[in-house]
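Commentary on secondary and tertiary structure
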Amino acid sequence: VTEQAVAQAFRDEWGQVVATLIRVTGDWDLAEECAQDAFAIALERWARDGIPDRPGAWLTTTARNRAIDRLRREAVGAAKLREVAAMSYESGPPYDGGVPSDNGASDDSAVPDDRLRLMFTCCHPALALEARVALTLRTLAGLTTAEIARAFLVAEPTMSKRLARAKQKIKNAAIPYRVPPAHVLPGRTPAVLAVLYLLFNEGYAASAGADLVRRGLSAEAIRLARVLAQLMPDEPEAAGLLALMLLHDARSASRLDDADDLVTLEDQDRSRWDGEKIAEGVALLDEALRRREPGPYQIQAAIAACHATAREAGETDWAQIAGLYSRLSQLTPTPVVALNRAVAVGMAKGPATGLQLVDELAASGVLTGYHLLAATRADLLRRAGRPGEAVEAYGDALQQATTDAERTFLRRRIQELTS
Amino acid sequence: VKYLLLICGDESAEAHANDGCEGWSEEMLSRGVLEGGAGLAPPTDATAVRVRDHEVLLTDGPFAETKEQVGGFCLIDCEDLDEAIEVASKHPAAKYGTIEIRPLLGLPPGTL
């Protein structure tokens, strides 16, 4: 029971404990080590004394006390020690040389935004993208260096170096530990959202056979997006991102068949979709859209909601999806968005119209060699009743595909059309 | 925190050598951010010096032959990297070249 409680507290509180300790000590490594110590002490103490009413406050205080012990041993100046001992929650218990004996005497609600500071610092654009991702997983989600290395298929020493270098740059280049001021915030928020969405997609794209750590990235991303949406109630894109993740995640059980092969949205068993997640995603999205500040994540979530709320594939509101893609391509004019729009238009107005858009895209040359361009063309040709040309296009896609699951899917289509 | 801004550009940047800073220096001086700096003569005027086995070795030209070369530098003192980024992005050379922000190693107080 204690172990379960500590594991739960680890998921819920790790980021907050580390974030607060970084703020008061200014030392990322010390913060992580002391947070780790606090959870180890909790295993022992909670078994003996029971689980505290407010595990987060208990853990933060314990970690802070460990930090004071360590700083004392390193003979850090008295001023710094006083600063750490005072921390910022006024009603906190005075340092008593050990761990807190009373349950939740300190108040951690006075510093609700430490995790937000940590998110913005981890995702600072002056850090390389891969460093932002690794730092976020280590400090906010509490994954070990070994786990992060495994999730991104790199050697542990490589990941360890990557993390150390990023922390060193934060320190030496004086990357500030704060939520950016209002005039910089709009430019910096997308960087945070992008890291969380990347994490989600890494996990989502992993096949069922992939490493559990890798698959777990989606759940971590959802957890962090939930925190972000809570901490940034005035940023509808944060809620939009959470909604988007939930609406995708709701369908994850039906994405692959028993043989681990991809199942298209059209052919998925919709009874296996997670209704609770869909309802939460839709509710979050509706509330975000009410602010009338649409952004790329809200629009993508709206598209996902169109799919998730259609009771069967035939009921999908493709006209609305096509409209949403048009809007999305105004905000983020990328060829991939244009391709998705062509698919939606093809479904709404007939394959011939879709093909026209795809051929225009193909002629522009920007997506040359991209397997989904050929696969999309093939699908539209198939729907248009031109099987010969479809087989040819599926063949092109097969040559360009990057994963086994995709190749298997494309071969199956060719077989269906030629048999 | 002190940072060195290395103002870099390719050959085409030489056309801007005598442009001046369009008021950037004045603004940063009055803000108390700018501590010094200068534009540099072209890399063709550079001499690289190495001492190996007590022998002074000289080569004509910059120490590394790259497309982009340092054309000037400024020493600034900022609150943090965000301020340094804001200061660097306002420099007119950022529009045609690249500005590298390098934090100085921590030195004992009063050294600089």
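Anything mentioned here points back to the structure above.
Residues numbered from 1 in each chain as written. Chains lettered and ligands numbered in written order. Predicted model: local features only at pLDDT ≥ 70, side-chain atom pairs only at ≥ 80, totals over all residues. Heavy atoms only, no water.

Right, let's talk about the overall build of chain A for a bit. For chain A, the helix and strand inventory stands at 20 helices and zero strands. In terms of principal-axis extent, the alpha carbons of chain A reach across some 80 × 45 × 40 Å. For chain A, the share of sequence-separated contacts (at least 6 apart) that also reach a separation of at least 24 residues comes to 64%. Summed over its atoms, the accessible surface of chain A is roughly 19,400 Å², and 51% of this surface lies on carbon and sulfur atoms. For chain A, the centre of its 49 positive side-chain charges and the centre of its 56 negative side-chain charges are spaced 4 Å apart. (Helix = DSSP H or I, 4+ residues; strand = E, 2+ residues; numbered from the N terminus. Contact = heavy atoms within 4.5 Å. Areas by Shrake-Rupley, 256 points an atom, 1.4 Å probe, with all protein chains shown as cover. Lys, Arg positive; Asp, Glu negative; His and termini not counted. Charge placed at Lys NZ, Arg CZ, Asp CG, Glu CD.)

The secondary structure content of chain B amounts to two helices and six strands. Each helix and strand of chain B, ordered N terminal to C terminal, gives the series β-α-β-β-β-β-α-β. Taking the principal axes of the C-alpha coordinates as reference, chain B spans close to 45 × 40 × 20 Å. Buried positions account for 28% of the 112 residues belonging to chain B. Expressed as a percentage of contacts within chain B between residues at least 6 apart in sequence, the contacts between residues at least 24 apart total 75%. As presented, chain B carries roughly 7,400 Å² of accessible surface, and 55% of it is formed by carbon and sulfur atoms. Side-chain charges of chain B comprise 8 positive and 21 negative groups, with the mean position of each set lying 3 Å from the other. (Buried < 20%, exposed > 50% of the residue type's maximum accessible area, 1.4 Å probe, protein only.)

Moving on: the packing of helix 6 (residues 129-140) of chain A against helix 9 (residues 185-205) of chain A. Residues and elements named next belong to chain A. At a minimum axis distance of 10 Å, the contact between helix 6 and helix 9 shows a crossing angle of 75°. Accordingly, the angle class assigned to the pair helix 6 and helix 9 is roughly perpendicular. Side by side, helix 6 and helix 9 meet where Leu129, Arg132, Val133, Thr136 and Leu137 of the first sit next to Ala191, Val195, Leu196, Leu198 and Leu199 of the second. Its residues assigned to classes, the contact of helix 6 with helix 9 shows eight nonpolar, one polar and one charged. (Axes fitted to C-alpha atoms, helices over the stretch in contact; angles between N-to-C directions. Parallel < 35°, antiparallel > 145°, perpendicular 65-115°, else oblique. Nonpolar A, V, L, I, M, F, W, Y, C, P; charged D, E, K, R; others polar.)

Quick look at the interface of chain A and chain B now. On the side of chain B, seven residues touch chain A, which itself brings nine residues to the contact. Carbon and sulfur atoms make up 58% of the surface buried where chain A meets chain B, a total of about 610 Å² over both sides. Inspection of the region where chain A meets chain B yields three salt bridges. Across the salt bridge formed by arginine 178 of chain A and aspartate 82 of chain B, the nearest N and O atoms sit 2.8 Å from each other. The tally of links between chain A and chain B comes to five residue pairs in polar contact (both at pLDDT 80 or more). Within the side of chain A that touches chain B, the residues separate by chemical class into five nonpolar, two polar and two charged. (Buried area = accessible area lost by both parts, 1.4 Å probe. Salt bridge = Lys/Arg side-chain N within 4 Å of Asp/Glu carboxyl O. Polar contact = N/O pair within 3.5 Å; in protein donor to acceptor, adjacent residues only side chain to side chain.)

A few words on the packing of helix 1 (residues 2-25) of chain A against helix 3 (residues 55-73) of chain A. All names here are of chain A. Axis separation between helix 1 and helix 3 bottoms out at 9 Å; the angle between their running directions is 40°. Relative to helix 3, helix 1 is oriented oblique. For the crossing formed where helix 1 meets helix 3, the hand is right-handed. Contacts from Ala9, Glu13, Val17, Thr20, Leu21 and Thr25 in helix 1 reach Pro55, Gly56, Leu59, Thr60, Ala63, Arg64 and Ala67 in helix 3. (Left-handed = near helix turned anticlockwise from the far one by under 90°.)

The next point concerns the pairing of strand 4 (residues 55-60) of chain B. All names here are of chain B. Counting buried residues along strand 4, only zero of its six residues qualify, which leaves the element largely exposed. Bridge analysis of strand 3 (residues 47-52) against strand 4 gives six bridges, and the strand direction is antiparallel. Considered in strand 4, the bridge of valine 49 is made with leucine 58. Here strand 3 hands over to strand 4 after two residues, with aspartate 53 in that stretch at a positive phi of 50°. (Pairing = 2+ DSSP bridges.)

A few words on the environment of serine 252 of chain A. All names here are of chain A. Within the secondary structure layout, serine 252 lies in the loop between helix 12 (236-249) and helix 13 (275-289). With 22 residues separating them in the primary sequence, serine 252 and aspartate 274 have C-alpha atoms 8.7 Å apart. One polar contact links the side chain of serine 252 to the main-chain carbonyl oxygen of aspartate 249, over a distance of 2.9 Å.

As far as function goes, none of this settles anything; it's purely spatial.
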